[in-house]
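Working through the structure, step by step
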Amino acid sequence: MTTVGFIGSGHIGGTVARLAVAAGYDVVLSNSRGPETLQDLVTELGPRARAATPQEAAGAGDLVVVSVPLKAYRDVPVEPLAGKVVLDTNNYYPQRDGAITELDSGETTSSELLQRHLSAARVVKVFNNINFAHLATLPRTTGDPERTALPIAGDDPDARAAVTEFLDRIGYDAVDAGRLAEGWRYQPDTPAYGLVYAADPQDWSTEAPAGADRVRAALDAAASPA
């Protein structure tokens, strides 16, 4: 059985961990504050979960979810992630992360920065465009007409296939956006960011399923940042 490691176990990381455990995965959780701060979440998740350091979670995971503020991406351990599929949930928020010139100019994307840092890993951008509360409530079984899709992007086709399989098991379809450079299509302030899963564009509190066709249309409607 595949083990999923988590570097960062906040709103998105914790929600993905809950979905993974429900789907039968083992999870190894970590954060920047230490394993002892994750005991409540480990207790909630049960025997399939344990807490560890980021280095240990990176080494233990067959798939590894990185869910840390972008400004901390250089703290993600490099060596234990070599060759592994890394699921990057991050977004660039200048008010939190500080200005990053190459992102402001559209020269590159946040996931490409992580891929540059993790040069031997296989990064796939996913889970960054959906509110964590919606992520928790929108999963559906395969074939359900109200199944929601999430966009993915990555430079390695096999890694994208592995993430597609993981999404399927936790209750989501995938829309393949292509290479990491296409990740801008579902970053903040694009049609595919958040709003695509909201029942009311003026009130994000109520979620609504968004199938592959709707997500693809939102990706196609994005205006280039360059």
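Here we look at the pairing of strand E8 (residues 173-176)
Sheet topology note: the strand E7 (residues 149-154)/E8 ladder contains 4 bridges and is parallel. Paired with Leu 150 across the bridge in E8 is Ala 174. At this point the chain moves from E7, through helix H8 (residues 157-170), to the parallel E8, and the crossover so formed is right-handed.

What to know about H8
Helix length check: H8 (14 residues) gives 20 Å between terminal C-alpha atoms against 20 Å at 1.5 Å per residue, within 8%. By the burial criterion, the buried members of H8 are Ala 159, Arg 160, Val 163, Phe 166, Leu 167 and Ile 170. With its buried residues spanning 120° around the axis, H8 presents them on a single face. Exposed side of H8, more than 90 degrees from the buried face: Pro 157, Asp 158 and Glu 165 are the residues found there. Sitting at the amino-terminal end of H8 is Asp 156, which places a side-chain oxygen 2.8 Å from the backbone nitrogen of Asp 158. Positive phi shows up at Gly 171, right after H8, with a value of about 110°.

Thoughts on the packing of aromatic side chains
Throughout the structure, instances matching the rule amount to 2 aromatic pairs. With a centroid separation of 5.1 Å and 65° between ring planes, the pair formed by Tyr 25 and Phe 166 is classed as edge-to-face. Linking Tyr 25 in the loop between helix H1 (11-22) and strand E2 (26-30) with Phe 166 in helix H8, this pair joins segments that are 141 residues apart in sequence. Here Arg 169 stacks its cationic end above the ring of Tyr 25, 4.2 Å away from the centre of that ring.

Regarding the side chain of Lys 125
Here Lys 125 lies in strand E6 (residues 122-125). Summary of buried charges: Lys 125 has no salt-bridge partner, and the nearest side chain of opposite charge, Asp 88, is 4.8 Å away. A distance of 3.3 Å separates polar atoms of two side chains, one belonging to Lys 125 and the other to Ser 110. If near-sequence neighbours (up to four positions away) are discounted, Lys 125 is found in contact with Asp 88, Asn 90, Asn 91, Ser 110, Ser 111, Pro 151, Ile 152, Ala 153, Leu 180, Gly 183 and Tyr 186.

Rules used in this analysis
Residues numbered from 1 in each chain as written. Predicted model: local features only at pLDDT ≥ 70, side-chain atom pairs only at ≥ 80, totals over all residues. Heavy atoms only, no water. Pairing = 2+ DSSP bridges. Helix = DSSP H or I, 4+ residues; strand = E, 2+ residues; numbered from the N terminus. Right-handed = clockwise from strand over helix to strand, strands pointing away. Expected span 1.5 Å × (residues − 1). Buried < 20%, exposed > 50% of the residue type's maximum accessible area, 1.4 Å probe, protein only. Arc of directions from axis to C-beta. Polar contact = N/O pair within 3.5 Å; in protein donor to acceptor, adjacent residues only side chain to side chain. Phe/Tyr/Trp six-rings, centres within 6.5 Å; stacked < 30°, edge-to-face > 60°. Lys NZ or Arg CZ within 6 Å of the ring centre and 35° of its normal. Lys, Arg positive; Asp, Glu negative; His and termini not counted. Salt bridge = Lys/Arg side-chain N within 4 Å of Asp/Glu carboxyl O. Contact = heavy atoms within 4.5 Å.

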